[in-house]
There are 2 protein chains.
Amino acid sequence: MGSSRRDVLRAAAVGGVGLGLTALGAPAHAEGAEPPRQDQRGKGPRIGILLYEGFSVLDPTGPAEVLSRLPGATVTMIAERPGLVRTDTGDIALLAERSIAQVRDLDVLLVPGGSEKAVLRVFENPRLLDWIRRVHQRTRWTTSVCTGSMILGKAGLLNGLRATTYWAGKDYLETLGATFVKARYVRDGKIITSAGVSAGQDMALYLASLLTDDRTAQAVQLGIEYDPHPPFDTGSPDKADPELRALALKLLADSQV
Amino acid sequence: MGSSRRDVLRAAAVGGVGLGLTALGAPAHAEGAEPPRQDQRGKGPRIGILLYEGFSVLDPTGPAEVLSRLPGATVTMIAERPGLVRTDTGDIALLAERSIAQVRDLDVLLVPGGSEKAVLRVFENPRLLDWIRRVHQRTRWTTSVCTGSMILGKAGLLNGLRATTYWAGKDYLETLGATFVKARYVRDGKIITSAGVSAGQDMALYLASLLTDDRTAQAVQLGIEYDPHPPFDTGSPDKADPELRALALKLLADSQV
């Protein structure tokens, strides 16, 4: 790396050919790397993420950030109807590019979590639950983040399986036929469920290794500089007192529309 | 917690009043909690996130997930023109609700990172750089994720300051007048920059504590179950060999349009 600083400063001095991220940082053919994506776009895993009104913004976007870096991968946001879909806070909207009617074949289905109200609305939507069941028959991996596992459970996919979910929802998950496991993510057969919100990123890196190999997943982890050091250590209910647990749920509920 | 399992199962048995996330999990008035958000919506911090074509999806959405949980907070996606803005992979589009012309006052400005091409396009957009400079004069906190700090630097905001950025861009950052610091996030005055992509979440929790207090930030961390355990430990360039570093940059570049 001794020469890279000089190279970058030189590049900057001559007009800035780059930020050091691509032009200078990476050899044209990195050892062990796949051919450039432009040659194989769409030839990698087809990842579909189901959006519904009231999803939590990080649940689909954390895994999307990870999985979209796999060679040739495509990430498609899907909803009952194409168009904008709002998050649980009402502040943010993502575009669903495809309707469920347009999508039959996916390598990976990911179901994000959302507000309690939002998940209960999906429970009462047989079109969505039917679609999940149908697509699941052809996936390589069917996955969820946070309360998304409740939706998989309601669709009947978790019967007798080990699974995880948002910490506060673990008892409810068991009413849907699953055995709750306390872990960032749990694989049982071809179903991988993850814990709350941010856990989707850990699950996605594991999934990345299944879709490619450990080395590629490790490179993606470095690519998104995922070396977490939060300023506090209260991310698990075991690390929080009962009042903090209550406050966490209250802030969440109050932020939701 | 002994009775909560029974309560949830009973609730489920009588028709499912909830998933355990709100109805049963949180007391109506949790100790130390603010009044419900519906009473104070819009009275908390006004957080604006600047989108531009080619941003990386996790850069705005990770912090948005954290900051939107603060009492009364609003998160607004902003772009040069209102409408859909696509990520660096081209796969995902977020809605910018407001144009830069519509926004003058923010408590927090957040500038996400993006592909090298995307950041270089912003460098050549004086309207965006002017807007950043103007809004910065009135913010409480001006922040960035990943290569977003390059944009703050190009706008002239990092002159003589300590700052951080994406690991591969640290030398370039120094050509913009900043002193690079290796950290998940760096605060100098009212500017807080963060390291690559996923570091925005760590920064946002720190920022949450500045906007409220440690206890509230800790509750938000639990609210998004941010207790990270990635399957690998290669999220920092120090933990990767040169080939893995090259592969990381190559996967990133190949995934971008």
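What you see is a predicted model; the values in this text were computed from it and never measured.

Conventions and cut-offs
Residues numbered from 1 in each chain as written. Chains lettered and ligands numbered in written order. Predicted model: local features only at pLDDT ≥ 70, side-chain atom pairs only at ≥ 80, totals over all residues. Heavy atoms only, no water. Helix = DSSP H or I, 4+ residues; strand = E, 2+ residues; numbered from the N terminus. Buried < 20%, exposed > 50% of the residue type's maximum accessible area, 1.4 Å probe, protein only. Contact = heavy atoms within 4.5 Å. Areas by Shrake-Rupley, 256 points an atom, 1.4 Å probe, with all protein chains shown as cover. Buried area = accessible area lost by both parts, 1.4 Å probe. Salt bridge = Lys/Arg side-chain N within 4 Å of Asp/Glu carboxyl O. Least-squares fit on C-alpha atoms with pLDDT ≥ 70 in both. UniProt positions renumbered as here; feature names shortened; annotations may be inferred. Core = buried A, V, L, I, M, F, W, Y, C linked by side-chain atoms within 4.5 Å. Pairing = 2+ DSSP bridges. Axes fitted to C-alpha atoms, helices over the stretch in contact; angles between N-to-C directions. pLDDT = per-residue confidence, 0-100. Polar contact = N/O pair within 3.5 Å; in protein donor to acceptor, adjacent residues only side chain to side chain. Expected span 1.5 Å × (residues − 1).

1. Quick look at the overall build of chain A
Here comes step 1: Broken down by element type, chain A carries ten helices and eleven strands.
Here comes step 2: When each of the 257 residues of chain A is scored for burial, the buried share is 64%.
Here comes step 3: When contacts within chain A are restricted to residue pairs at least 6 apart in sequence, long-range pairs at least 24 apart make up 65% of them.
Here comes step 4: In the form shown here, chain A has an accessible surface area of approximately 9000 Å², with 48% of it arising from carbon and sulfur atoms.

2. Let's talk about the environment of histidine 229 of chain B
Here comes step 1: Turning to its location among the elements, histidine 229 of chain B is positioned in the loop between α9 (214–223) and α10 (242–255).
Here comes step 2: Remark: the alpha-carbon pair of histidine 229 of chain B and lysine 117 of chain B, spanning 112 residues in sequence, is separated by 32 Å.

3. Quick word on the environment of proline 60 of chain A
All names here are of chain A.
Here comes step 1: Note on placement: proline 60 falls in helix α3 (residues 58–67).
Here comes step 2: By relative accessible area, which is 0% here, proline 60 ends up buried.
Here comes step 3: Expressed as a C-alpha distance, the spacing of proline 60 and serine 144, which sit 84 residues apart in the sequence, is 9.2 Å.
Here comes step 4: Those residues within four positions of proline 60 in sequence are excluded, and the remaining contacts are Ile49, Leu51, Phe55, Met77, Leu110 and Pro112.

4. Quick notes on the interface of chain A and chain B
It is common to give the size of an interface as the accessible area lost on bringing the parts into contact.
Here comes step 1: If you look at the interface, chain A gives 119 residues, while chain B gives 119 residues.
Here comes step 2: Surface buried jointly by chain A and chain B totals about 10400 Å² across both partners, of which 61% is contributed by carbon and sulfur atoms.
Here comes step 3: Across the chain A-chain B interface, the total number found is eight salt bridges.
Here comes step 4: Put simply, glutamate 97 of chain B and arginine 86 of chain A hold a salt bridge, and the shortest N to O gap is 2.7 Å.

5. What about the relation of the copies chain A and chain B?
Here comes step 1: By a simple turn and slide, chain A fits onto chain B: the slide is 0.0 Å along the axis, the RMSD is 0.0 Å, and the turn is 180 degrees. Within this description, the copies of the chain are treated as partners about a two-fold rotation axis. No C-alpha of chain A lies nearer the rotation axis than that of leucine 94 of chain A, which sits 2.3 Å from it.
Here comes step 2: When the interface residues of chain A are mapped onto chain B, 100% of them again lie at the interface, so the same face is used by both copies.

6. Quick look at the UniProt feature "domain: DJ-1/PfpI" (unreviewed entry) in chain A
Here comes step 1: Cross-referencing UniProt, the feature "domain: DJ-1/PfpI" (unreviewed entry) maps to residues 46–207 of chain A in the present numbering.
Here comes step 2: When the span residues 46–207 of chain A is considered, its composition is 31% helix and 25% strand, and the gap between its end C-alpha atoms is 13 Å.

7. Examining the pattern of salt bridges
Residues and elements named next belong to chain A.
Here comes step 1: Summed over the entire model, instances satisfying the criterion amount to 26 salt bridges over all chains.
Here comes step 2: The salt bridge partner of aspartate 105 is arginine 138, with a shortest N-O separation of 2.8 Å. Taken as a pair, aspartate 105 in the loop between β5 (98–99) and β6 (108–111) and arginine 138 in the loop between α5 (126–136) and β7 (141–144) lie far apart in primary sequence, 33 residues in all.
Here comes step 3: Judged by relative accessible area, which is 44%, arginine 138 ranks as partly exposed.

8. Thoughts on the nonpolar core
Here comes step 1: Core analysis: the biggest nonpolar cluster contains 165 residues, and Trp131 and Ile132 of chain A together with Trp131 and Ile132 of chain B have the highest contact counts within it.
Here comes step 2: Residue contacts for isoleucine 132 of chain A: discarding those within four places in its chain leaves Leu50, Leu109, Val111, Ile151, Leu152, Ala155 and Leu157 of chain A.

9. Some thoughts on the pairing of strand β6 (residues 108–111) of chain B
Residue and element names in this part refer to chain B.
Here comes step 1: What you see with β6 is no split at all: Val108 and Leu110 on one side and Leu109 and Val111 on the other are buried throughout.
Here comes step 2: Sheet analysis places strand β1 (residues 46–50) next to β6, joined by three bridges and oriented parallel. Each residue of the ladder has a partner; that of glycine 48, found in β6, is leucine 109.
Here comes step 3: Where β6 lies against strand β7 (residues 141–144), four bridges are found, and the strand directions are parallel. Looking at β7, one finds that leucine 110 is bridged to threonine 143.

10. Remarks on α3 of chain A
Residue pairs three or four apart in sequence face the same way in an α-helix, which turns once every 3.6 residues.
Here comes step 1: Of all ten residues in α3 of chain A, ten are buried; the element is thus mostly enclosed.
Here comes step 2: Among all positions in α3 of chain A, only Leu58, Asp59, Pro60, Thr61, Gly62, Pro63, Ala64, Glu65, Val66 and Leu67 of chain A are buried.

11. Structural notes on the sheet that holds strand β1 (residues 46–50) of chain A
Residue and element names in this part refer to chain A.
Here comes step 1: Read across the sheet, seven strands follow the order β5-β2-β1-β6-β7-β11-β10 without closing on themselves; strand pairing throughout is mixed. Of all strands in the sheet, those with a lone pairing partner are β5 and β10 (185–188), marking the two edges.
Here comes step 2: Here α5 sits on the sheet in contact with β1, β2 (74–79), β6, β7 and β11 (191–194), set at roughly 150 degrees to β6.
Here comes step 3: Contacts between helix α8 (residues 199–211) and the sheet are confined to β6, β7, β10 and β11, with β11 contributing the most and set at about 155 degrees to the helix.

12. Here's the deal with the environment of alanine 240 of chain B
Here comes step 1: Among the secondary structure elements, alanine 240 of chain B is positioned in the loop between α9 and α10.
Here comes step 2: In this view, alanine 240 of chain B contacts Leu222 of chain A together with Arg245 of chain B; residues no more than four positions away in its chain are not counted.

13. Some remarks on the confidence of the model for chain A
All names here are of chain A.
Here comes step 1: For chain A, the mean per-residue pLDDT works out to 89, and 86% of the residues sit at or above 70.
Here comes step 2: The low-confidence segment residues 23–37 (pLDDT under 50) makes 34 contacts with residues lying over four places distant or belonging to another chain.
Here comes step 3: Across the interfaces of the predicted complex, the ipTM metric reaches 0.89, alongside a pTM of 0.89.

14. Section: the side chain of threonine 142 of chain B
All names here are of chain B.
Here comes step 1: Structurally, threonine 142 is set in strand β7.
Here comes step 2: Within polar-contact distance, the side chain of threonine 142 engages the side chain of threonine 139 at 2.7 Å.
Here comes step 3: Those residues in contact with threonine 142 that lie beyond four places of it in its chain are Leu109, His136, Leu152, Leu157, Lys190, Ile191 and Ile192.

15. Some remarks on helix α8 (residues 199–211) of chain B
Residues and elements named next belong to chain B.
Here comes step 1: With 13 residues, α8 extends 18 Å from end C-alpha to end C-alpha; this agrees with the ideal 18 Å at 1.5 Å per step.
Here comes step 2: Of all 13 residues that make up α8, twelve are buried, and the element is covered over most of its length.
Here comes step 3: Of all the positions in α8, only Ala199, Gly200, Gln201, Asp202, Met203, Ala204, Leu205, Tyr206, Leu207, Ala208, Ser209 and Leu211 are classed as buried.

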